[in-house]
Amino acid sequence: ADGAGAAAASSPAPARQGHTMVGVPFQRRSTVRVGIIGLGNRGGSMIDLFLALPGVQVRAVCDPVRAKAERAAAKVTAAGQPAPALYANGDDDYENLCRRGDIDLVYVATPWEAHFEMAKSALLHGKHVGVECPIAMRLDELWALVDLSERTRRHCMQLENCVYGRNEMRVLRMAHAGKFGELLHGAGAYNHDLRQLMFDPDYYEGPWRRQWHTRLRGDLYPNHGFGPVANYLDVNRGDRVVSISSFGTPALGLAEYREANMPAGDPSWKESYIGSDRTISMVRTAKGRVIRLEHDVSTPHPYSRINSLGGTKGVFEDYPARIYIEPDHTNHQWGSFARYADWDHWLWKEHSNPPGGHGGMDYLMVYRLIQCMRLGLVPDFDVYDAATWTAPVPLSHTSIRAKGAPLPIPDFTRGEWKKPRAGVDSVKPSS
Ligand SMILES: NC(=O)c1ccc[n+]([C@@H]2O[C@H](COP(=O)([O-])OP(=O)(O)OC[C@H]3O[C@@H](n4cnc5c(N)ncnc54)[C@H](O)[C@@H]3O)[C@@H](O)[C@H]2O)c1
């Protein structure tokens, strides 16, 4: 599989089968009819945000764990909507949800191994699809999603919530206004100690997340760190990421945690974890800028997405947020980022205290997606962004196996990255 990965990594873009999805608006509609696949931790809470928005109807819910599907259906009726169709007959019942004629958007919040087939099914049945991170696990699947989106004329979106974070959006606007000068470098991460949750028998639906640590090396979850920095640097909108070089430490954290916490005979004792506890990747852009990505979910660490950006006039670093830009700051002393609240994105000015998890960015993501669909706007991100932000998953694995050898990151836009265009730094719509 690694050999195939390396070959695929260096092969040229496959011939385009459809037409570009760059700048393609949604068809305008007053009501967005939603089907949700996967109602675990994520889907089971995101449904509240869909139901909180005017103009959204949840028409169908799907989860093989019937109790979870039923709990979600009860939320729909409690919100005053008709009872949704329920799909709970095994692992393939999602196809029946995708087949329905009364759904505009499918939202996928299932284990990673299921994302690709579910996105594919939604697109083939004419639905727009928003998928949790990462959108797929293999490079050939990323190309397949690009081709399917281009052929079916439906948007295939990585629902990357962190690009809607308040700090991320403020930095994005300041970057575009030149406050950091010419942009040079950025960093993003998913450093989140998930040991306890991954070994908890009840938190996830089965051990799927931990088991990925027995299969794939490297950065399993790059999107939350990569997406925001890619936006700062206008990746796919004037610059593009061209190569990735990844390094991984030994994988010791999960086994050490198991030793200390899991009783003999627990099924986890059959697992062997492969590298790496911390993956560090260096990504180069066509303009010569450098992005550092980190991934670590198996050692103690306070939560951090790093979220930094630097240029010729200064630097921002998050966790905690701090800034140093000329001429505002001197003498090597960090300044307060709170002082720059005027630079907040219009979404954050409109919703100063959004509901829902992750500090409100989940809500703003769903709000903006639904707004784009109802007003017939171009979405803030498309299948090219989805593929780009996810590409480190397979590529970091292959690069680590090759001792950090740089691998090309495909140009999923097939040359269209050079065109500047709007993205998450959107203009507030007038109607
Ligand atoms: N963006 C974020 O901030 C964020 C936060 C948490 C989770 N996530 C992502 O959400 C996804 C789900 O994570 P989770 O924590 O909710 O996991 P989970 O295990 O709690 O939920 C997954 C759900 O999918 C269901 N499922 C499994 N196979 C299915 C199938 N064939 N058809 C329909 N449903 C199926 C399971 O029964 C379960 O209810 C993952 O991709 C995860 O990375 C994203």
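Residues numbered from 1 in each chain as written. Predicted model: local features only at pLDDT ≥ 70, side-chain atom pairs only at ≥ 80, totals over all residues. Heavy atoms only, no water.

Caption draft 1: Main features of the UniProt feature "domain: Gfo/Idh/MocA-like oxidoreductase N-terminal" (unreviewed entry) in the protein chain. Cross-referencing UniProt, the feature "domain: Gfo/Idh/MocA-like oxidoreductase N-terminal" (unreviewed entry) maps to residues 32-156 in the present numbering. In residues 32-156, the share of helix is 46% and the share of strand is 20%. The end C-alpha atoms are 16 Å apart. (UniProt positions renumbered as here; feature names shortened; annotations may be inferred. Helix = DSSP H or I, 4+ residues; strand = E, 2+ residues; numbered from the N terminus.)

Caption draft 2: Structural detail: the side chain of Arg170. Structurally, Arg170 is set in helix H7 (residues 166-176). The class for Arg170 is buried, based on a relative accessible area of 5%. Of the polar contacts made by the side chain of Arg170, one reaches the backbone oxygen of Phe337; its length is 2.7 Å. (Buried < 20%, exposed > 50% of the residue type's maximum accessible area, 1.4 Å probe, protein only. Polar contact = N/O pair within 3.5 Å; in protein donor to acceptor, adjacent residues only side chain to side chain.)

Caption draft 3: Just the site of the ligand, in detail. In the vicinity of the ligand there are 29 residues, among which Asn41, Arg42, Asp63, Asn161 and Glu205 approach most closely. Here an oxygen atom of the ligand and a backbone polar atom of Thr110 are 3.3 Å apart. For the ligand, the protein covers 92% of the area, taking 850 Å² as the surface of the free molecule. Mapping the ligand onto the cavity grids shows that it belongs to the largest pocket. Secondary structure elements with two or more residues in the shell around the ligand: helix H2 (41-52), helix H5 (112-124) and helix H9 (208-211). Residue contributions to the shell around the ligand peak at three residues, all from H5. The residue makeup of the shell around the ligand, split by class, is 14 nonpolar, eight polar and seven charged. (Near = heavy atom within 4 Å. Areas by Shrake-Rupley, 256 points an atom, 1.4 Å probe, with all protein chains shown as cover. 1 Å grid on protein atoms, 1.4 Å probe; cavity = no way out; pocket = protein on both sides within 12 Å on 5 of 7 lines; lining within 4 Å. Sits in = over half its atoms within 2 Å of the grid points. Nonpolar A, V, L, I, M, F, W, Y, C, P; charged D, E, K, R; others polar.)

Caption draft 4: Inspection of the sheet that holds strand S10 (residues 290-296) at higher detail. The eight strands are arranged S13-S12-S11-S7-S10-S9-S8-S14 in an open sheet whose pairing can be described as mixed. Each of the sheet's edge strands pairs with one partner strand only, and the pair in question is strand S13 (322-325) and strand S14 (407-408). Bridge count between strand S8 (residues 241-248) and strand S9 (residues 279-285): seven bridges; the pairing is antiparallel. What sits directly across from Ser245, in S9, is Met282. Along the sheet, helix H10 (residues 223-232) contacts strand S7 (183-191), S8, S9, S10 and strand S11 (308-311); its crossing angle with S7, the most-contacted strand, is approximately 165°. (Pairing = 2+ DSSP bridges. Contact = heavy atoms within 4.5 Å. Axes fitted to C-alpha atoms, helices over the stretch in contact; angles between N-to-C directions.)

Caption draft 5: Region of the structure containing the pattern of salt bridges. Enumeration according to the criterion identifies 30 salt bridges in this entry. Among the salt bridges present, the one from Asp104 reaches Arg29, with a minimum N-O distance of 3.1 Å. With Asp104 in the loop between helix H4 (94-99) and strand S4 (105-108) and Arg29 in the loop between helix H1 (2-10) and strand S1 (32-37), this residue pair connects regions lying 75 residues apart in the sequence. Judged by relative accessible area, Arg29 falls into the buried class, the value being 16%. Note that Arg278 is salt-bridged to Asp296, the shortest N-O span being 3.1 Å. Of the two residues, Arg278 is situated in the loop between helix H11 (253-261) and S9 and Asp296 in strand S10; the sequence distance between them amounts to 18 residues. The pair Arg278 / Asp296 is uniform in exposure class, with both members buried. Overlapping salt bridges, with partners in common, bring together Arg16, Asp147, Glu150, Arg414 and Glu416 in one network. (Salt bridge = Lys/Arg side-chain N within 4 Å of Asp/Glu carboxyl O.)

Caption draft 6: Structural detail: the layout of surface pockets. Its boundaries defined by the atoms lining it, the largest pocket holds a volume of some 980 Å³. Lining of the largest pocket is provided by 46 residues; of these, Arg42, Ala109, Thr110, Tyr204 and Trp208 occupy positions nearest its centre. Secondary structure elements with two or more residues in the lining of the largest pocket: H2, H5, H9 and helix H13 (361-375). Residue composition of the lining of the largest pocket, by class: 23 nonpolar, 13 polar and 10 charged. (Points joined across faces, edges and corners; volume = space filled by probe spheres on them.)

Caption draft 7: Structural context of the state of the cysteines. As enumerated under the stated definition, the model contains zero disulfides in all. Cys98 forms no disulfide, and the closest cysteine sulfur to it belongs to Cys62, at a distance of 8.1 Å. Using a relative accessible area of 0% as the deciding quantity, one classes Cys98 as buried. (Disulfide = S-S within 2.5 Å.)

Caption draft 8: Quick look at the UniProt feature "domain: Glycosyl hydrolase 109 C-terminal" (unreviewed entry) in the protein chain. Mapped onto the present numbering, the UniProt feature "domain: Glycosyl hydrolase 109 C-terminal" (unreviewed entry) falls on residues 169-336. For residues 169-336, helix accounts for 21% and strand for 26%, while the C-alpha atoms at its two ends are 16 Å apart.

Caption draft 9: Examining the pairing of S7 more closely. With seven of nine residues buried, S7 lies mostly within the body of the structure. Judged from the four bridges that link them, S7 and S11 form a sheet pairing that is antiparallel. Bridge pairing links Gly186 to Leu309 in S11.

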